[in-house]
Amino acid sequence: MVTDMNDRRPYDMTSRAESAAQTGERILDAAIDLFWQMPTDRLSLDGVAENAGVSVQTVIRKFGGKEGLLEAAGQREASRIGAQRGLAPVGDVPAAVAVLVDHYEEMGDRVLKMLAEEPHVPGLAAIVEQGREVHSQWCARVFSPSLDSRDGQQRGRLLAQLVAVCDVQTWHLLRHVCGLSRSETELALTELIEPLLEVPR
């Protein structure tokens, strides 16, 4: 029986595309793993390639170098974090704070590491700025019932206050510097947020 090679081509192309996608994900996994383990300026394409089980040329071909690799890894992590923080309900402060603290308990110390390295590592500034934008959008969504009752400067000021209270640095101060437990941290954040949301007289 003779098989037409054209019949096999779509399958081969699909298989190659799936394999290439898996290789790209494996490289990103390796880069993210190493990124959190060491100072970013020590992160090398050689190390990422070895950790991913591919050649350096494969990493370069897919991501174009270290900055491109950092950007792609940052985008993937931002999507993952956005999905996790997207579980926070609108208008329910304690429930939203619980989701926020979930995120910081998992990622807070890592985010602080990245913020400390930002001034010294090319490519991190864009990732940090993207994180700030995601955080601001999260606050705008979760607290929209109260924000939508304000206009102009009053709304902008309230959003800025909420962004600051919900920032990773506030979590760090409450949780690590002041030594509050997780549940106490959630309560403290809720007590800071709720008065801000009251309708002004």
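Keep in mind that what you see is a predicted model, and the values were worked out from it rather than measured. (Residues numbered from 1 in each chain as written. Predicted model: local features only at pLDDT ≥ 70, side-chain atom pairs only at ≥ 80, totals over all residues. Heavy atoms only, no water.)

Turning our eyes to something else, we now look at the pattern of salt bridges. Enumeration according to the criterion identifies 10 salt bridges in this entry. Residue Arg80 pairs with Glu106 through a salt bridge whose shortest N-O separation is 3.3 Å. Note that Arg80 is positioned in helix α4 (residues 66-85) and Glu106 in helix α5 (residues 93-117), a separation of 26 residues in sequence. In this structure, the salt-bridge partner of Glu117 is Lys113, at a minimum N-O distance of 3.2 Å. Residue Glu117 and its partner Lys113 are both found in helix α5; the two are separated by 4 residues, about one turn of the helix. Bridged by salt links that share partners, the residues Glu25, Asp29 and Arg76 form one connected network. (Salt bridge = Lys/Arg side-chain N within 4 Å of Asp/Glu carboxyl O. Helix = DSSP H or I, 4+ residues; strand = E, 2+ residues; numbered from the N terminus.)

Here we come to the packing of aromatic side chains. For the structure shown, the criterion picks out 2 aromatic pairs. A centroid spacing of 5.8 Å and a plane angle of 40 degrees characterise the contact between Tyr104 and Trp171, whose relative ring orientation is tilted. Taken together, the positions of Tyr104 in helix α5 and Trp171 in helix α9 (residues 168-177) put the pair 67 residues apart, joining distant regions of the chain. With respect to class, Tyr104 is no different from Trp171; both count as buried. For the ring pair Trp138 and Phe143, a centre distance of 6.1 Å and an interplane angle of 90 degrees mean the geometry is edge-to-face. One Lys or Arg, Lys113, reaches over the ring of Phe35 and ends 4.4 Å from the middle of that ring. (Phe/Tyr/Trp six-rings, centres within 6.5 Å; stacked < 30°, edge-to-face > 60°. Buried < 20%, exposed > 50% of the residue type's maximum accessible area, 1.4 Å probe, protein only. Lys NZ or Arg CZ within 6 Å of the ring centre and 35° of its normal.)

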